[in-house]
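Observations on the model geometry
Here is what each chain is made of, one letter per residue.
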Amino acid sequence: MLFCPPGWRNTERGAKKAMKITDVKSATIGTNICIRIVTDKGIDGFSQIENNKDFVKPLIPYFKSMIVGADPTNVEDCMRRMRRAGAFKPWGKVISSIEMALWDIAGKDAGVPVYKLLGGKVRDRVRVYQGSFVSESRPHKDPKTPEEIAENILHLNEIPEGFTIAKTALFWHRGGFYKETDAYNTYYPPKSSNARFNPGSLLTSEAINMSIDFVARMKKVVGDRVGLAFDSGPGFTPIDALRLARGVEPYNVMWLEDTIAGDYTPYTMAHAYRDLTMQTTTPIHTGEQIFLRQNFVELIEKQAVNIVGPDPADVGGIAELKWIAEYADLHGIMMAPHGTFDGVFGMAALTQVGATMPQNYIAYEYPFGNPSWWYDIVEGLPTNFLRDGHVTVWDAPGIGVTFNVNKASKYLSEEDKDFFLG
Ligand SMILES: [Mg+2]
């Protein structure tokens, strides 16, 4: 019999006692829902969810019930408990944000930035692109024409933040044209009260020509200084998407996003996207609404798009995003993650995973603090972290950003007043 000193058979001895999740709290802070995962070790994890308070917040206790008592550092175990009850928005959104808070805890517990747990960084600066971010000093406060929008984009390139890629809404995504035109006169629709998110019908020649002209006029102002992407739909019929994609080929745009399906459509239309992508040299992009890697398989394996853009706050979190990026890379497909409404914590999480992405990485859509006082209630962001269109990766444990509880507490409503307590 092997000599075994007293106590060595005790699995508790020498082994790290597992941490347990004791609570998952939520609060509305500014335009975001914030999540706090509480543990019995005194380590908290934080994340944010897109600003859909009324239908997101009530779901949080449902998913909380699946992970209370689990070890938050076993992120995948927690995710397996919740994924089976997930779906496209809003359910997947809650699961996704919980995932990012779990990684925050895992990193803090290990004393390392999350990127170390996702395989380590391959870049020190992560490129971002402008989506909804606006500069207070922009030349046009309410830009209407393509030229005014383009001049604002040039300004975003000239300020210290220095964005090198910008995304603009086009046609369906703008709710129609930039001019005062009745959107219903631009296609042959079943009449609808919501033109933006309904599937469209065949476009008129005016609609196609003006959309192409919109791109051409912006490109004429911006030139090659800033890469231009266009969030176009969803709602295009495949043939109209092709007419648009071919029409803008001379302007070498970064991508056309969500033409056929996308935003708030709980399906991918990979078969239709493939036909579009195979017939144009304009890069085709989709993916921000999709939950889980399984729903990217057809898009990726069929080469149905050139670029995928999962949002970590919808797809199932940052590890899910990483796995999709790797699989896309195997198929020669680019990665440009979505991130409009995920706030400062979302930006921090995107920076962590962006640092680890393979070579197919282009840029993530830059989420920002809204309102701007968000930057006063968090700690950990380095000075000038966004310069020349890149976020410099920082090395604090977890996602590297946390609340200043004293300052943040002032923004809690009566309903959420115990968010930081316990
Ligand atoms: Mg979009």
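It should be emphasised that the depicted structure is a prediction, and the values quoted were computed from it without experimental measurement.

A short note on the overall build of the protein chain
Along the backbone of the protein chain there are 14 helices and 15 strands. A globule of 422 residues ought to have a C-alpha radius of gyration of about 22 Å, and the protein chain, at 23 Å, matches this closely. Partitioning the contacts of the protein chain with sequence separation of at least 6, the portion at a separation of at least 24 is 71%.

Considering the sheet that holds strand β3 (residues 45-49)
Read across the open sheet, the three strands follow the order β1-β2-β3; overall the sheet is antiparallel. The two strands at the open ends of the sheet, each matched to only one other strand, are β1 (21-29) and β3. Across the sheet, the mean angle from the axis of one strand to that of its neighbour is 20 degrees, orientation sign disregarded. Examined bridge by bridge, strand β2 (residues 32-39) and β3 share five bridges and lie antiparallel to one another. Note that in β3 the partner of R36 across the bridge is F46. Lying over the sheet, helix α13 (residues 343-354) contacts β2 and β3, oriented at roughly 110 degrees with respect to β3.

Considering the nonpolar core
Within the largest apolar cluster, 114 residues are counted, with the highest numbers of intra-cluster contacts made by I98 and V308. No other element matches the nine residues that helix α4 (residues 91-110) contributes to this core. When residues of this core are sorted by domain, at least three fall in each of domain 1 (21-113 + 405-416) and domain 2 (116-398). If sequence neighbours within four positions are ignored, V308 has contacts with T286, G287, F296, L299, I300, I324, A328, I333 and M335.

A short note on the sheet that holds strand β13 (residues 386-387)
Backbone-to-backbone hydrogen bonds join strands into a sheet, with any given pair of strands oriented parallel or antiparallel. A sheet is described by the order of its strands in space; here four strands give the open sequence β11-β4-β14-β13, paired in mixed fashion. Two strands lie at the open edges of the sheet, namely β11 (364-365) and β13, each paired on one side alone. As paired elements, strand β4 (residues 125-129) and strand β14 (residues 390-392) share three bridges and run antiparallel to each other. For R127, the partnering residue across the bridge sits in β14 and is H390.

Some details on the domain arrangement of the protein chain
In terms of domains, the protein chain is made up of domain 1 (21-113 + 405-416) and domain 2 (116-398). Facing the 34 residues of domain 1 at the interface are 31 residues of domain 2. Those elements that provide at least two residues to the side of domain 1 that touches domain 2 are β3, α3 (75-83), α4 and α14 (405-409). The biggest single contributor to the side of domain 1 that touches domain 2 is α4, with 13 residues.

Side note on the confidence of the model for the protein chain
Residues at a pLDDT of 70 or more form 90% of the protein chain, whose mean pLDDT is 91. Every residue in residues 4-11 is under pLDDT 50, and counting partners more than four places away or in other chains gives three contacts.

Topic: the environment of M66
Topologically, M66 is positioned in helix α2 (residues 60-67). When the 18 C-beta atoms within 10 Å are taken as the criterion, M66 is described as partly exposed. The spatial distance from the C-alpha of M66 to the C-alpha of C78 is 7.9 Å, given a sequence separation of twelve residues. Residues in contact with M66, not counting those within four places in the same chain, are R81 and M82.

Analysis parameters
- Residues numbered from 1 in each chain as written.
- Predicted model: local features only at pLDDT ≥ 70, side-chain atom pairs only at ≥ 80, totals over all residues.
- Helix = DSSP H or I, 4+ residues; strand = E, 2+ residues; numbered from the N terminus.
- Rg over C-alpha atoms; globule rule 2.2 N^0.38 Å.
- Contact = placed C-beta atoms within 7 Å.
- Pairing = 2+ DSSP bridges.
- Axes fitted to C-alpha atoms, helices over the stretch in contact; angles between N-to-C directions.
- Core = buried A, V, L, I, M, F, W, Y, C linked by C-beta atoms within 7 Å.
- Buried ≥ 20, exposed ≤ 12 C-beta atoms within 10 Å, placed from the backbone.
- Domains from an automatic or database assignment.
- pLDDT = per-residue confidence, 0-100.

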